[in-house]
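Chain residues, written in single-letter form:
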Amino acid sequence: MAANTVTNAQPDGHNHEVGVALLHDPVQNKGTAYTREERREWGLEGLLPHAVETLDRQVERVLDHLARVKDDLDQYSYLMDLEARNETVFYKAIMSDPKRFIPILYDPTVADACEAFGNLYRRPRGMYITRHMKGRIAEVLRNWPEKDVRFVCVSTGGRILGLGDIGANGMGIPIGKLQLYTACAAVPPKGLLPVLLDIGTTNEHLRADPFYLGTREPPVPEHELDELTEEFIQAVNEVFPGICVHFEDWKGTDAIRMLDRYKDKVLCYNDDIQGTAAVALAGISAGLKQTGGKLQDQRILFLGAGSAGLGISKLIAAELQTLGLSQDEARKRIRLFDVNGLIESSRTDLTETQKLWAQDEAPSKNFVEVVDRFKPTVLIGVSTKAGAFTREVIETMSRHTARPIIFALSNPTHKAECTAEQAYTYSKGKALFAAGVQFDEFEYEGKTFRPGQANNFYIYPAIGLATYAARPRLLNDECFIVAAHATADQIGPSLQAKGMLFPSQDQIVETEITTATRIVEYMFESGLATVERPVEIRSWIESLLYNPTY
Ligand SMILES: NC(=O)C1=CN([C@@H]2O[C@H](COP(=O)(O)OP(=O)(O)OC[C@H]3O[C@@H](n4cnc5c(N)ncnc54)[C@H](OP(=O)(O)O)[C@@H]3O)[C@@H](O)[C@H]2O)C=CC1
Ligand SMILES: CC(=O)C(=O)O
Ligand SMILES: [Mg+2]
């Protein structure tokens with residue numbers, strides 16, 4: 001953006017104000033890359049050291065600095081400060097090696113950043129909409145300086161990763177999720193708005209913390225949350241027409257209720273329900289290519305029956321129906337087990353969504369017993385219960401299944417249901433394993449195992465890019481099934497031979513563009529897209545990508 005588009009340049013002697021304003025505007029700031037002419041023209045002389053540098057040299061300095069910072073949370077803080085100073089250098093640096101920076105900006109380091117949010121806080125980023133703004137949300141949203149906002153990622157902080165309700169401390173999640181739209185799929189950052197819907201928190205420890213920055217009240221009752229959310233949804237659509245609402249890390253029951261309410265009305269999706277479902281389906285499909293199994297022959301057991309578990313179950317059942325099974329037959333291949341035991345029809349504590357998965361069978365509160373009885377071929381942990389896939393669970397599963405597929409999806413690392421080492425050793429090297437975080441390669445009996453990272457970041461940035469390009473009216477489950485297939489199809493024979501369940505993160509941007517291309521093709525074929533169909537979809541998408549440059 002040219003300097004004079006947002007500043008009041010006065011070539012008659014007031015340029016010093018322009019110079020300072022430029023250096024404090026992260027979108028326009030070029031720092032040491034301002035040329036001598038620009039420095040003279042914009043009143044920047046003397047405000048910068050002598051050297052005129054290229055963007056590449058600026059990025060080198062960032063990478064050199066980060067190489068010397070040992071602590072991941074310190075790297076996170078440095079990168080957040082960099083983004084607040086110079087967005088171009090920030091994105092150029094992280095897009096130079098997304099695989100290296102995903103664990104810093106996002107899972108697992110973002111979990112530490114959220115927990116320390118009140119202590120680390122330096123400057124505002126995104127928007128905080130509180131219950132006290134009820135009736136005025138549209139007016140408040142108009143305070144956001146960018147008018148062409150295309151995505152809002154909104155969390156209540158009610159279930160941040162596996163950390164539970166951390167209220168306004170959860171703001172790190174919408175920020176990090178949106179940074180990955182750009183880092184993993186080159187969606188332009190200009191139109192991305194992180195929002196923390198501050199409805200209060202159940203977390204008494206935080207409410208008593210002097211550094212806590214949110215409202216110090218218990219959460220609003222459900223009907224008030226629904227009214228507040230309704231107003232928020234209407235307001236974002238009024239203030240930012242055509243916006244896509246990305247729901248992230250709400251309390252499970254709130255997440256499901258809001259998606260049910262809005263998915264057919266406004267352009268929106270829930271990443272924990274739909275993005276996670278797609279990444280799990282992609283991983284299972286890739287695993288079955290390696291075992292030679294078919295989805296319709298699998299028995300899939302979940303530990304955890306919240307937004308992620310129910311979302312994955314629904315998408316797998318939808319996929320099974322496309323393979324010719326009836327809805328009942330599809331559901332019979334799936335079992336869920338939550339904090340109160342097996343989801344079965346005699347339970348009286350189930351939500352309406354959970355009841356869909358309740359089979360007529362004996363109750364059990366013993367997970368190993370259910371594993372022994374149901375004999376799962378696929379085991380998925382979405383429980384937030386660290387270590388729940390014990391030696392006994394994995395050994396029992398491995399007795400009944402030649403190649404157990406085990407996904408320990410709970411985040412961050414210390415919440416995973418098992419580690420890679422445990423999955424491989426307890427299964428005696430038979431497991432195909434993935435987790436929400438990236439575990440290191442593991443040697444077992446002379447063989448190298450490469451755990452996958454089953455994380456929705458393989459999906460939602462591609463959904464974002466497809467949505468950015470095709471401006472669909474709505475996002476339906478089929479978009480996520482297409483995304484799952486497109487992801488799985490990118491694990492070619494050489495990656496399969498290495499036992500990989502997900503595409504390599506070395507080419508994550510290429511991978512997500514390919515996935516987005518397939519989603520956009522579907523959006524045009526299904527009539528969801530609202531823009532004119534281009535002749536060649538991929539090159540058209542490529543022409544829209546963000547490229548960090550001055
Ligand atoms: N890898 C990825 O891409 C993703 C990972 N996740 C992770 O999945 C986890 C769950 O997320 P989500 O489903 O949205 O959260 P929810 O809170 O909606 O669901 C959690 C579920 O786990 C159950 N549960 C809690 N404790 C236990 C236990 N000890 N044994 C068995 N079940 C238990 C809960 O039961 P009850 O409700 O009765 O307490 C509930 O059914 C989180 O850690 C999250 O980080 C989520 C999305 C994406
Ligand atoms: C990855 C993610 O969305 C979660 O753990 O909630
Ligand atoms: Mg999430």
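What you see as residue numbers is a count from 1 along each chain, following the sequence as written. All chains are assigned letters beginning at A, and all ligands numbers beginning at 1, according to the order in which they are written. pLDDT decides what is reported in this predicted model: residues at 70 or higher carry local features, side-chain atom pairs at 80 or more are listed and counted, and totals for whole chains, interfaces and linings draw on all residues regardless. In computing side-chain properties, one takes all heavy atoms of the structure into account and sets aside hydrogens as well as water.

Our next topic: helix α12 (residues 222–239). Residues three or four positions apart in an α-helix share a direction because the helix packs 3.6 residues into each turn. Secondary structure elements follow DSSP: runs of H or I of four or more residues count as helices, runs of E of two or more count as strands, with numbering from the N terminus. What a helix is expected to span follows from its residue count: subtract one and scale by 1.5 Å. Helix length check: α12, at 18 residues, gives a terminal C-alpha distance of 25 Å against a target of 26 Å (1.5 Å per residue), a fit within 8%. All of the buried residues in α12 are Leu225, Asp226, Leu228, Thr229, Phe232, Ile233, Ala235, Val236 and Val239. Contacts were defined at the residue level, with two residues in contact if any of their heavy atoms lie within 4.5 Å. For α12, the elements touching its buried residues are β1 (127–130), α9 (137–141), β2 (151–155), β3 (192–198), β4 (244–247) and α13 (252–262). Three exposure classes are used, based on accessible area relative to the maximum for each residue type with a 1.4 Å probe and protein chains only: buried under 20%, partly exposed in between, and exposed over 50%.

UniProt positions are given in the numbering used here, feature names are shortened, and annotations may be inferred rather than shown by experiment. When the UniProt feature table is mapped onto this chain numbering, "domain: Malic enzyme NAD-binding" (unreviewed entry) sits at residues 273–524. From the first C-alpha to the last, residues 273–524 spans 24 Å; its make-up is 46% helix and 12% strand.

Let's shift gears to the packing of aromatic side chains. Within 6.5 Å between ring centres, the rings of Phe, Tyr and Trp (the latter by its six-membered ring) count as paired, and their orientation is classed by plane angle as stacked under 30 degrees, edge-to-face over 60, tilted in between. Within this structure, the stated rule accounts for 18 aromatic pairs. Both rings, one in Phe247 and one in Trp250, keep their centres 5.4 Å apart while their planes meet at 80°; by these two values the pair is edge-to-face. The pair formed by Phe247 and Trp250 is uniform in burial state, with each residue classed as buried. Arranged with centres 6.0 Å apart and planes meeting at 75°, the rings of Tyr424 and Phe433 form a pair that is edge-to-face. Overall, Phe433 belongs to the buried group, its relative accessible area being 1%. What links up through ring pairs into an aromatic cluster is the set Tyr106, Phe407, Phe457, Tyr458 and Phe502.

Turning to the nonpolar core, a few remarks are in order. The biggest cluster of nonpolar side chains holds 162 residues, and the ones touching the most others in it are Phe232, Ile316 and Ile380. By residue number, the principal contributor to this core is helix α14 (residues 271–291), which donates 10 residues. For Phe232, the residues in contact, after removing those within four places along its chain, are Ile129, Ile137, Val152, Val154, Val195 and Leu197. Here, nonpolar core refers to any group of buried Ala, Val, Leu, Ile, Met, Phe, Trp, Tyr and Cys residues whose side-chain atoms link them within 4.5 Å. Val370, Val371, Tyr424 and Ala431 belong to the second-largest nonpolar core, a separate cluster that totals 31 residues.

UniProt annotation of "binding site: (S)-malate" (unreviewed entry) refers to Arg159, Asn411 and Asn455 when read in the numbering used here. Topologically, Asn411 is positioned in the loop between β10 (405–408) and α20 (420–426). Overall, the relative accessible area of 14% leaves Asn411 in the buried class. For Asn411, the contacting residues outside a window of four places in its chain are Asp107, Leu161, Gly162, Gly436, Val437 and Asn455. By the secondary structure assignment, Asn455 is in the loop between β14 (452–453) and α21 (460–470). Asn455 has contacts with Tyr106, Asp107, Val279, Asn411 and Gly436, leaving out every residue within four places of it along the chain. Polar contact criterion, stated in full: a pair of N or O atoms within 3.5 Å, where within protein one must be able to donate a hydrogen and the other to accept it, and residues adjacent in sequence count only if both atoms are side-chain atoms. A polar atom in the side chain of Asn455 sits 3.2 Å from the side chain of Asp107.

Each domain's extent was defined by an automatic or database domain assignment. In terms of domain boundaries, the protein breaks down into domain 1 (1–53), domain 2 (103–270), domain 3 (275–454) and domain 4 (458–544). Inter-centroid distance (C-alpha atoms) of domain 2 to domain 4 is 25 Å. Contact residues are listed per partner, giving 24 residues for domain 2 and 18 residues for domain 4. By convention, the term buried area covers the 1.4 Å-probe accessible surface removed from two parts as they join, with the contributions of both added. Of the roughly 1,700 Å² buried at the junction of domain 2 and domain 4 (both faces included), carbon and sulfur atoms supply 67%. Each salt bridge in this description consists of a side-chain nitrogen of Lys or Arg and a carboxyl oxygen of Asp or Glu lying within 4 Å of one another. Viewed at the interface, domain 4 and domain 2 are joined by 0 salt bridges. At the boundary of domain 2 and domain 4, one finds 2 residue pairs in polar contact (both at pLDDT 80 or more). When residues of the side of domain 2 that touches domain 4 are traced back to their parent elements, those giving at least two are α10 (172–185), β4 and β5 (268–270). If you tally residues by element for the side of domain 2 that touches domain 4, the top one is α10, at 7 residues. Gly falls in the polar group here, along with every residue not listed as nonpolar (Ala, Val, Leu, Ile, Met, Phe, Trp, Tyr, Cys, Pro) or charged (Asp, Glu, Lys, Arg). In the side of domain 2 that touches domain 4, the residues fall into 15 nonpolar, 3 polar and 6 charged.

Only heavy atoms are used to decide nearness, and a residue is near a molecule or strand if one of them lies within 4 Å of it. In the region of ligand 2, the neighbouring residues are Tyr106, Arg159, Leu161, Lys177, Glu248, Asp249, Asp271, Asp272, Asn411, Asn455 and Asn456. A distance of 3.0 Å separates an oxygen atom of ligand 2 from a polar atom in the side chain of Glu248. In this structure, Asn456 approaches ligand 2 through a side-chain N or O atom, which is 3.0 Å from an oxygen atom. Coverage of ligand 2 by the protein chains reaches 91% of its 210 Å² of free accessible surface. Here the shell around ligand 2 is composed, by residue class, of 2 nonpolar, 3 polar and 6 charged. The Shrake-Rupley method, run with a 1.4 Å probe sphere, supplies the accessible areas, and residue values consider only the shown protein chains as cover.

This part covers the coordination of the magnesium ion (ligand 3). Distances decide who is a donor: an N, O or S atom must be within 2.8 Å of the metal, or within 3.2 Å for Na, K and Ca. Water is not included, so sites may look incomplete. For the magnesium ion (ligand 3), the protein coordination sphere consists of Glu248 (OE), Asp249 (OD) and Asp272 (OD), at 2.0 to 2.1 Å. Within one chain, the residues serving as donors to the magnesium ion (ligand 3) are arranged as E-D-x22-D. Of this pair, Glu248 sits in the loop between β4 and α13 while Asp272 sits in helix α14, placing them 24 residues apart in sequence. Asp272 matches Glu248 in its accessibility class, with the two residues each being buried.

A few words now on the confidence of the model for the protein. Values of pLDDT, ranging from 0 to 100, describe the predictor's confidence in every residue of the model. Mean pLDDT over the protein works out to 96, with 97% of the residues at or above the 70 mark. On the interface metric, ipTM, the complex scores 0.99, and its pTM is 0.97.

Near ligand 1 lie 25 residues; those nearest to it are Arg159, Ala305, Ser307, Ala308 and Ala454. Gly162 is positioned such that a nitrogen or oxygen atom in its backbone is 3.5 Å from an oxygen atom of ligand 1. The contact in question runs from a nitrogen atom of ligand 1 to an N or O atom on the backbone of Ala454, over 2.9 Å. Bound to the protein, ligand 1 loses 82% of the 920 Å² it would expose on its own.

Right, let's talk about the environment of Glu443 for a bit. With respect to the helices, strands and loops of the structure, Glu443 is situated in strand β12 (residues 442–444). It is 9.0 Å that separates the C-alpha atoms of Glu443 and Tyr424, two residues lying 19 residues apart in sequence. Within polar-contact distance, the side chain of Glu443 engages the side chain of Thr448 at 2.8 Å.

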